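Survey of secondary and tertiary structure
One letter stands for each residue in the lines below.
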Amino acid sequence: MSDPAESLEARLDAIDPTLDLKAEIRRLKAESNAVILCHYYQDSEIQDLGDALGDSLALARHAAKTDAEVIVFCGVHFMAETAKILNPDKLVLLPDLDAGCSLSECCPPDKFARFLSRYENPFVITYVNSSAAVKAMSDLICTSGNVLKMVEKAPKDRPIIFGPDRNLGRWAMEKTGREMVLWPGGCMVHEIFSLKELLRQKEAHPGAMVLAHPECPEHLLGHADFVGSTAAMLKKVTEETCEEFIVVTEPGILREMQRLAPKKHFYTVGNEAGCACNVCPHMRLNTLEKLYLCLRDKTPQIELPPDVCRRALVPLQRMLDWS
Ligand code: 13P
Ligand code: SF4
């Protein structure tokens, strides 16, 4: 057994290549009384091992009610932090600690605090794609699945500040009619889709319905037939009689779409170079090997200062209670 303090690279190199990793992961999971929570943007082989597969709202709900002793989060850092905020006494593991999120990283807590200080008594709604420290400064958390409901619940007599995704915030303003001050952040994956490519796909598949995630910029959303969260898009493909869909979000979701609607056809949209490669590089840092190592060595763990955890729980719990 190798030393957990060794570098990840050294521990990866030392894995016995003959090992049945999937069987080992299942064995270690049972032995540790662990639960594997898995986002749709993970690779298929990881999705197969998840006890729960979902979008960030579903996974947060799962994390809130699990009685497992160990939570392994196959997603990105802010999602694992959310699980830790909800379960401060449990061990929360993330296979690769570098699995970050461009949205979360574009909103440093010190700069966000300065931004907030410019407003008097603001009501701060923060997208779940943010650090625990930013959540701790917020009044309410939202996900793409409940953003409209959360914005509608904001008090009418206070200025609303929304961060860190300006695209989601702008879309929510348009849908709810509520004015909000937006933090100027964006997701590197959803902002890179090419309008030219989307129009090319629409021309190639004129009968297809265009589904887009609200993290996409306005010029793309304007060409979508339906804008919604990961879970809402999945529901849409099962409800619609339409046979073809052009999907403007991370392509990891296509596996679940195809599973739910095996006879339908799904097309992705590429970036300017024309490739269908809008894969979230952070999400895909998690691999089967790293999942095995984190269960075996119980590292890397998510650790948060207790006061941040306590303060971040308030707006997070409010979201769970209100949604
Ligand atoms: P969901 O809230 O739809 O799971 O999205 C999370 C995310 O990171 C989208 O890019
Ligand atoms: Fe963050 Fe975008 Fe990746 Fe989602 S797709 S985890 S918002 S970088």
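Conventions adopted
Residues numbered from 1 in each chain as written. Chains lettered and ligands numbered in written order. Predicted model: local features only at pLDDT ≥ 70, side-chain atom pairs only at ≥ 80, totals over all residues. Heavy atoms only, no water. Near = heavy atom within 4 Å. Polar contact = N/O pair within 3.5 Å; in protein donor to acceptor, adjacent residues only side chain to side chain. 1 Å grid on protein atoms, 1.4 Å probe; cavity = no way out; pocket = protein on both sides within 12 Å on 5 of 7 lines; lining within 4 Å. Sits in = over half its atoms within 2 Å of the grid points. Nonpolar A, V, L, I, M, F, W, Y, C, P; charged D, E, K, R; others polar. Phe/Tyr/Trp six-rings, centres within 6.5 Å; stacked < 30°, edge-to-face > 60°. Helix = DSSP H or I, 4+ residues; strand = E, 2+ residues; numbered from the N terminus. Buried < 20%, exposed > 50% of the residue type's maximum accessible area, 1.4 Å probe, protein only. Lys NZ or Arg CZ within 6 Å of the ring centre and 35° of its normal. Pairing = 2+ DSSP bridges. Expected span 1.5 Å × (residues − 1). Bend = angle between axes of the 7 residues up to and from the residue. Contact = heavy atoms within 4.5 Å. Points joined across faces, edges and corners; volume = space filled by probe spheres on them. Axes fitted to C-alpha atoms, helices over the stretch in contact; angles between N-to-C directions. Parallel < 35°, antiparallel > 145°, perpendicular 65-115°, else oblique. Left-handed = near helix turned anticlockwise from the far one by under 90°.

A few words on the site of ligand 1. As a matter of local geometry, ligand 1 sits amid His39, Tyr41, Asp55, Ser56, Asn129, Ser144, His190, His213, Glu215 and Thr230. Ser56 places a side-chain nitrogen or oxygen 2.5 Å from an oxygen atom of ligand 1. In this structure the site holding ligand 1 corresponds to the largest cavity. Classifying every residue of the shell around ligand 1 gives 1 nonpolar, 7 polar and 2 charged.

Right, let's get into the packing of aromatic side chains. This model, assessed by the stated rule, comprises 5 aromatic pairs. Arranged with centres 5.6 Å apart and planes meeting at 80 degrees, the rings of Phe112 and Trp183 form a pair that is edge-to-face. One end of the pair, Phe112, is in helix H7 (residues 109-116); the other, Trp183, is in the loop between strand S8 (181-182) and helix H11 (195-204), with 71 residues separating them in the sequence. Judged by relative accessible area, Phe112 falls into the buried class, the value being 0%. With 5.1 Å between their ring centres and 85 degrees between their planes, Phe115 and Trp183 make a pair best called edge-to-face. You can see Phe115 sitting in helix H7 and its partner Trp183 sitting in the loop between S8 and H11, a full 68 residues away along the chain. Trp183 sits in the buried class, given a relative accessible area of 8%. Linked through ring pairs, Phe112, Phe115, Tyr119 and Trp183 together constitute an aromatic cluster. The ring of Trp322 carries the charged tip of Lys153 above its face, separated from the ring centre by 5.7 Å.

This part is about the sheet that holds strand S5 (residues 123-127). Taken in spatial order, the 4 strands of this open sheet run S6-S5-S7-S8, and their pairing is parallel. One side of each edge strand has no neighbouring strand; the edge strands of this open sheet are strand S6 (140-142) and S8. Two strands pair when backbone bridges link them, and S5 and S6 are joined in this way by 3 bridges, in the parallel orientation. Bridge pairing in S6 links Ile125 to Leu140.

Looking at ligand 2, the residues that line it are Tyr41, Val76, Cys101, Ser102, Leu103, Asn129, Cys187, Val189, Glu215, Cys280 and His282. Among the cavities detected, the one that contains ligand 2 is the largest cavity. Here the residues of the shell around ligand 2 sort into 7 nonpolar, 3 polar and 1 charged.

A few words now on helix H16 (residues 306-322). For H16, spanning 17 residues, the distance from its first C-alpha to its last is 24 Å, which sits close to the expected 24 Å at 1.5 Å a residue. The largest bend along H16 measures about 30 degrees and falls at Leu313, with the proline Pro315 one to four residues further on. For H16, the full list of buried residues reads Val308, Cys309, Ala312, Pro315, Leu316, Met319 and Leu320. Of the surrounding secondary structure, the elements contacted by the buried residues of H16 are helix H4 (56-65), helix H5 (77-86), helix H8 (132-135), S6 and helix H9 (147-152).

Before going further, it helps to spend a moment on the environment of Lys149. Summarising the element assignment, Lys149 is placed in helix H9. Once the C-alpha coordinates of Lys149 and Thr18 are considered, the two residues, 131 residues apart in sequence, prove to be 50 Å apart. Here Lys149 is in contact with Trp322 and Ser323, once residues within four sequence places are set aside.

For the rest of this paragraph, the subject is the layout of surface pockets. By volume, the largest pocket amounts to about 160 Å³. For the lining of the largest pocket, the secondary structure elements donating two or more residues are H5 and helix H6 (102-105). Element by element, the count of residues in the lining of the largest pocket is highest for H5, at 3 residues. Residue composition of the lining of the largest pocket, by class: 6 nonpolar, 4 polar and 3 charged.

Now for the packing of helix H2 (residues 21-31) against helix H15 (residues 288-297). Where H2 contacts H15, the two axes come as close as 9 Å, and the packing angle between them is 30 degrees. What the angle tells us is that H2 and H15 run roughly parallel. In the crossing of H2 with H15, the sense of the turn from one axis to the other is left-handed. Touching Leu21, Lys22, Glu24, Ile25, Leu28 and Lys29 of H2 are Leu288, Glu289, Leu291, Tyr292, Leu295 and Arg296, all from H15. Split into classes, the residues belonging to the contact of H2 with H15 amount to 7 nonpolar, no polar and 5 charged.

Function-wise, these values are silent; they only describe arrangement.
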